[in-house]
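Structure at a glance
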Amino acid sequence: AKLDERRANIPPEKRKFDDNVYWCTRSADPQAFTTVESIFKRYGIMEAASAYLGRPAGVKHVNAQINDQDLAFWKRVFPDTQLADPWGSYLHIDATYGMLKCAIYVHDIDPDGGPFCYIRGSQNAKIGWFEGMIRRTNDFSGFSGRRPDARKKFMALPAFLRKKADFGGDLPDNSPEVARLREGHFAATSNYGNCVLFDGNGMHRGGMVNKGERRCLFILLAEI
(Lines give C-alpha, C1' and ligand atoms only; values in the text may rest on other atoms or scores of the structure.)
Protein backbone atom coordinates (compact mmCIF):
# COMPACT_ATOMS: atom_id res chain seq x y z
CA ALA A 1 0.00 0.00 0.00
CA LYS A 2 2.85 2.39 0.81
CA LEU A 3 4.49 1.61 -2.50
CA ASP A 4 1.23 2.09 -4.40
CA GLU A 5 0.80 5.48 -2.73
CA ARG A 6 4.30 6.59 -3.69
CA ARG A 7 3.96 5.45 -7.30
CA ALA A 8 0.60 7.19 -7.67
CA ASN A 9 2.30 10.53 -7.07
CA ILE A 10 4.90 10.01 -9.80
CA PRO A 11 3.87 10.07 -13.49
CA PRO A 12 4.75 6.73 -15.17
CA GLU A 13 7.14 8.37 -17.63
CA LYS A 14 9.14 9.89 -14.75
CA ARG A 15 9.39 6.80 -12.54
CA LYS A 16 12.88 5.43 -12.05
CA PHE A 17 13.72 1.88 -11.01
CA ASP A 18 14.03 2.74 -7.31
CA ASP A 19 10.62 4.48 -7.36
CA ASN A 20 9.11 1.02 -7.76
CA VAL A 21 10.75 -0.44 -4.65
CA TYR A 22 9.77 -0.04 -1.00
CA TRP A 23 12.55 -0.97 1.44
CA CYS A 24 11.26 -2.19 4.78
CA THR A 25 13.26 -1.43 7.92
CA ARG A 26 13.17 -3.29 11.21
CA SER A 27 12.29 -0.10 13.06
CA ALA A 28 9.42 0.99 10.80
CA ASP A 29 8.18 -2.42 9.57
CA PRO A 30 9.06 -4.99 12.26
CA GLN A 31 6.07 -7.19 11.40
CA ALA A 32 7.39 -7.71 7.87
CA PHE A 33 10.65 -9.16 9.21
CA THR A 34 8.89 -11.24 11.88
CA THR A 35 6.52 -12.76 9.32
CA VAL A 36 9.23 -13.55 6.78
CA GLU A 37 11.55 -15.08 9.39
CA SER A 38 8.75 -17.24 10.78
CA ILE A 39 7.78 -18.59 7.34
CA PHE A 40 11.40 -19.16 6.29
CA LYS A 41 12.16 -21.13 9.45
CA ARG A 42 8.97 -23.17 9.10
CA TYR A 43 9.80 -24.31 5.58
CA GLY A 44 13.55 -24.78 6.04
CA ILE A 45 14.56 -21.86 3.81
CA MET A 46 16.79 -20.33 6.49
CA GLU A 47 18.43 -23.71 7.10
CA ALA A 48 19.03 -24.22 3.37
CA ALA A 49 20.49 -20.73 2.98
CA SER A 50 22.84 -21.25 5.92
CA ALA A 51 24.03 -24.58 4.50
CA TYR A 52 24.64 -23.06 1.07
CA LEU A 53 26.56 -20.05 2.43
CA GLY A 54 28.46 -22.16 4.94
CA ARG A 55 27.58 -19.92 7.90
CA PRO A 56 24.44 -18.91 9.83
CA ALA A 57 22.20 -16.72 7.69
CA GLY A 58 19.35 -14.40 8.56
CA VAL A 59 16.99 -11.92 6.94
CA LYS A 60 18.84 -8.68 6.14
CA HIS A 61 16.39 -6.90 3.83
CA VAL A 62 12.72 -7.15 2.92
CA ASN A 63 11.35 -5.03 0.10
CA ALA A 64 8.25 -4.85 -2.02
CA GLN A 65 8.62 -4.28 -5.73
CA ILE A 66 6.16 -3.42 -8.49
CA ASN A 67 7.14 -3.52 -12.16
CA ASP A 68 4.76 -2.70 -15.00
CA GLN A 69 4.79 -2.39 -18.77
CA ASP A 70 5.52 1.35 -18.53
CA LEU A 71 8.94 0.72 -16.97
CA ALA A 72 11.00 -0.16 -20.04
CA PHE A 73 14.46 -0.09 -18.47
CA TRP A 74 15.41 -3.21 -20.47
CA LYS A 75 14.36 -1.88 -23.87
CA ARG A 76 16.25 0.39 -26.29
CA VAL A 77 19.53 -0.91 -24.97
CA PHE A 78 21.48 1.34 -27.34
CA PRO A 79 19.14 4.36 -27.40
CA ASP A 80 21.07 6.35 -30.00
CA THR A 81 20.83 3.55 -32.58
CA GLN A 82 18.18 1.57 -34.42
CA LEU A 83 19.54 -1.74 -33.18
CA ALA A 84 16.95 -4.30 -32.09
CA ASP A 85 16.92 -5.18 -28.40
CA PRO A 86 19.16 -8.21 -27.85
CA TRP A 87 17.86 -11.45 -26.37
CA GLY A 88 20.30 -11.13 -23.45
CA SER A 89 19.05 -7.69 -22.35
CA TYR A 90 19.35 -7.18 -18.56
CA LEU A 91 21.12 -10.48 -17.89
CA HIS A 92 23.48 -9.68 -15.04
CA ILE A 93 25.16 -10.81 -11.89
CA ASP A 94 24.58 -8.88 -8.68
CA ALA A 95 26.98 -6.25 -7.44
CA THR A 96 26.74 -7.82 -3.98
CA TYR A 97 28.25 -11.13 -2.87
CA GLY A 98 28.17 -13.60 0.03
CA MET A 99 24.38 -13.62 0.19
CA LEU A 100 21.27 -15.18 -1.28
CA LYS A 101 18.03 -13.62 -2.46
CA CYS A 102 14.48 -14.84 -2.42
CA ALA A 103 11.71 -13.65 -4.73
CA ILE A 104 8.09 -14.24 -3.69
CA TYR A 105 5.26 -13.57 -6.12
CA VAL A 106 2.04 -12.26 -4.58
CA HIS A 107 -0.06 -13.05 -7.67
CA ASP A 108 0.18 -15.23 -10.76
CA ILE A 109 3.04 -14.41 -13.14
CA ASP A 110 2.97 -15.61 -16.74
CA PRO A 111 5.70 -15.28 -19.43
CA ASP A 112 4.58 -11.71 -20.26
CA GLY A 113 4.46 -10.68 -16.60
CA GLY A 114 8.20 -10.27 -16.05
CA PRO A 115 9.02 -13.60 -14.36
CA PHE A 116 12.32 -14.08 -12.59
CA CYS A 117 14.78 -15.82 -14.94
CA TYR A 118 18.01 -17.68 -14.22
CA ILE A 119 20.76 -19.37 -16.20
CA ARG A 120 20.96 -22.83 -14.64
CA GLY A 121 24.37 -23.60 -13.18
CA SER A 122 25.78 -20.14 -13.79
CA GLN A 123 26.41 -19.63 -10.07
CA ASN A 124 29.29 -22.11 -10.51
CA ALA A 125 31.13 -19.91 -13.02
CA LYS A 126 34.68 -19.26 -11.87
CA ILE A 127 34.88 -15.51 -11.29
CA GLY A 128 37.84 -14.57 -9.13
CA TRP A 129 37.73 -11.78 -6.58
CA PHE A 130 39.65 -9.39 -8.86
CA GLU A 131 37.40 -9.92 -11.85
CA GLY A 132 34.34 -9.62 -9.61
CA MET A 133 35.68 -6.34 -8.24
CA ILE A 134 36.23 -5.00 -11.77
CA ARG A 135 32.71 -5.92 -12.89
CA ARG A 136 31.09 -4.37 -9.83
CA THR A 137 33.24 -1.23 -9.94
CA ASN A 138 32.28 -0.56 -13.55
CA ASP A 139 28.61 -0.96 -12.69
CA PHE A 140 28.77 1.33 -9.66
CA SER A 141 30.70 3.99 -11.59
CA GLY A 142 28.22 4.02 -14.46
CA PHE A 143 30.64 2.53 -17.01
CA SER A 144 28.20 -0.31 -17.71
CA GLY A 145 25.72 2.08 -19.30
CA ARG A 146 25.14 1.97 -23.03
CA ARG A 147 24.55 5.61 -23.89
CA PRO A 148 27.30 7.15 -26.03
CA ASP A 149 29.11 8.87 -23.15
CA ALA A 150 29.17 5.70 -21.03
CA ARG A 151 30.35 3.59 -23.97
CA LYS A 152 33.23 5.99 -24.60
CA LYS A 153 34.34 5.80 -20.97
CA PHE A 154 34.10 2.01 -20.95
CA MET A 155 36.08 1.60 -24.17
CA ALA A 156 38.74 4.00 -22.88
CA LEU A 157 39.60 1.43 -20.19
CA PRO A 158 42.44 -1.04 -20.78
CA ALA A 159 41.10 -4.25 -22.34
CA PHE A 160 41.52 -6.31 -19.15
CA LEU A 161 39.24 -3.87 -17.28
CA ARG A 162 36.40 -3.99 -19.81
CA LYS A 163 34.13 -6.28 -17.81
CA LYS A 164 30.58 -5.71 -16.58
CA ALA A 165 28.20 -7.22 -14.06
CA ASP A 166 25.35 -6.03 -16.32
CA PHE A 167 26.67 -7.71 -19.46
CA GLY A 168 23.67 -9.23 -21.25
CA GLY A 169 22.79 -6.30 -23.46
CA ASP A 170 26.23 -6.36 -25.07
CA LEU A 171 25.96 -9.91 -26.43
CA PRO A 172 24.98 -10.28 -30.11
CA ASP A 173 22.12 -12.72 -30.62
CA ASN A 174 24.16 -14.78 -33.08
CA SER A 175 27.12 -15.26 -30.73
CA PRO A 176 28.01 -18.73 -29.39
CA GLU A 177 27.77 -17.31 -25.86
CA VAL A 178 24.09 -16.48 -26.33
CA ALA A 179 23.43 -19.95 -27.71
CA ARG A 180 24.82 -21.47 -24.51
CA LEU A 181 22.88 -19.03 -22.33
CA ARG A 182 19.65 -19.91 -24.10
CA GLU A 183 20.21 -23.59 -23.31
CA GLY A 184 20.34 -22.89 -19.57
CA HIS A 185 17.73 -20.13 -19.42
CA PHE A 186 14.81 -20.79 -17.07
CA ALA A 187 11.79 -18.51 -16.53
CA ALA A 188 10.18 -19.05 -13.12
CA THR A 189 6.51 -18.43 -13.88
CA SER A 190 3.79 -19.19 -11.34
CA ASN A 191 3.31 -22.59 -12.94
CA TYR A 192 6.41 -23.73 -11.02
CA GLY A 193 5.69 -21.99 -7.72
CA ASN A 194 5.62 -18.57 -6.07
CA CYS A 195 8.99 -18.57 -4.28
CA VAL A 196 12.49 -18.61 -5.78
CA LEU A 197 15.67 -18.77 -3.68
CA PHE A 198 18.78 -17.93 -5.70
CA ASP A 199 22.45 -17.01 -5.66
CA GLY A 200 22.93 -13.54 -7.13
CA ASN A 201 26.39 -14.52 -8.38
CA GLY A 202 24.56 -16.52 -11.03
CA MET A 203 23.28 -14.87 -14.21
CA HIS A 204 19.69 -13.72 -13.86
CA ARG A 205 17.09 -11.08 -14.69
CA GLY A 206 13.46 -10.22 -13.98
CA GLY A 207 10.80 -7.54 -14.00
CA MET A 208 10.75 -7.31 -17.79
CA VAL A 209 6.99 -6.84 -18.04
CA ASN A 210 5.33 -6.89 -21.46
CA LYS A 211 1.75 -6.75 -20.20
CA GLY A 212 0.17 -5.74 -16.90
CA GLU A 213 2.37 -5.61 -13.81
CA ARG A 214 4.45 -7.78 -11.51
CA ARG A 215 4.11 -7.54 -7.73
CA CYS A 216 6.59 -9.41 -5.60
CA LEU A 217 8.66 -9.35 -2.44
CA PHE A 218 12.44 -9.59 -2.44
CA ILE A 219 14.21 -10.87 0.66
CA LEU A 220 17.97 -10.77 1.11
CA LEU A 221 19.61 -13.46 3.27
CA ALA A 222 23.13 -12.98 4.58
CA GLU A 223 25.41 -13.86 7.48
CA ILE A 224 24.08 -12.83 10.89
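Summary of the structure given here. (Residues numbered from 1 in each chain as written. Predicted model: local features only at pLDDT ≥ 70, side-chain atom pairs only at ≥ 80, totals over all residues. Heavy atoms only, no water.)

1. Quick word on the sheet that holds strand 4 (residues 116-119)
Keep this limit in mind: Strand pairing requires that DSSP identify at least two bridges connecting the strands. Each helix corresponds to a stretch of at least 4 residues labelled H or I by DSSP, and each strand to a stretch of at least 2 residues labelled E; elements are numbered beginning at the N terminus. Contacts are residue-level and defined by heavy atoms, with any inter-residue pair within 4.5 Å sufficient. To get an axis, fit a line to the C-alpha atoms, keeping to the stretch in contact for a helix; angles then go from 0 to 180 degrees between the N-to-C directions.
The sheet built from three strands is open, its strands ordered 5-4-7 with antiparallel pairing. Among the strands making up the open sheet, the edge pair consists of strand 5 (185-188) and strand 7 (204-205). The sheet contact formed by strand 4 and strand 5 spans four bridges and is antiparallel. The residue bridging Y118 from the neighbouring strand is F186, located in strand 5. Of the strands in this sheet, strand 4 and strand 5 touch helix 6 (residues 176-184), which is tilted by about 40° from strand 5.

2. What to know about helix 6
Note on helix geometry: an α-helix contains 3.6 residues per turn, so any two residues three or four positions apart are oriented the same way. Operational definition: Accessibility here uses a 1.4 Å probe with only protein chains present; expressed as a share of the type maximum, an area under 20% marks a residue as buried, one over 50% as exposed, and anything in between as partly exposed. The directions from the helix axis to the C-beta atoms form the arc being described.
Listing the buried residues of helix 6 in full gives V178, L181 and G184. Angular distribution of buried residues about the axis of helix 6 spans 125°; they occupy a single face of the element. Turned more than 90 degrees away from the buried face of helix 6 sit P176, R180 and E183, all of them exposed. Of the surrounding elements, those touching the buried residues of helix 6 are strand 4 and strand 5.

3. Considering the sheet that holds strand 1 (residues 21-23)
As summarised here, the arrangement of the five strands in space is 1-2-8-3-6, forming an open sheet in which the pairing is antiparallel. Taken across any chain shown, the strands that pair with only one partner, and hence form the sheet edges, are strand 1 and strand 6 (195-199). Here the average twist between neighbouring strands, direction ignored, is 20°. Here strand 2 (residues 57-68) runs beside strand 8 (residues 213-223); their pairing, made up of 11 bridges, is antiparallel. Counterpart to G58 in the pairing with strand 8 is A222. Of the strands in this sheet, strand 2, strand 3 (99-105) and strand 8 are in contact with helix 2 (residues 30-42), which crosses strand 2 at around 110°. With respect to the sheet, helix 3 (residues 45-53) is in contact with strand 2, strand 3, strand 6 and strand 8, its orientation differing from that of strand 2 by roughly 110°.

4. Focus: the side chain of R205
So the rule is basically this: Between N or O atoms, a polar contact is any pair within 3.5 Å; within protein, one atom must be a potential hydrogen donor and the other a potential acceptor, and residues adjacent in sequence are included only when both atoms are from side chains.
Looking at the element boundaries, R205 is found in strand 7. Here W87 takes part through its backbone oxygen, which lies 2.7 Å from a polar atom of the side chain of R205. Engagement of the side chain of R205 in a polar contact is seen with the side chain of H185, the distance being 3.3 Å.

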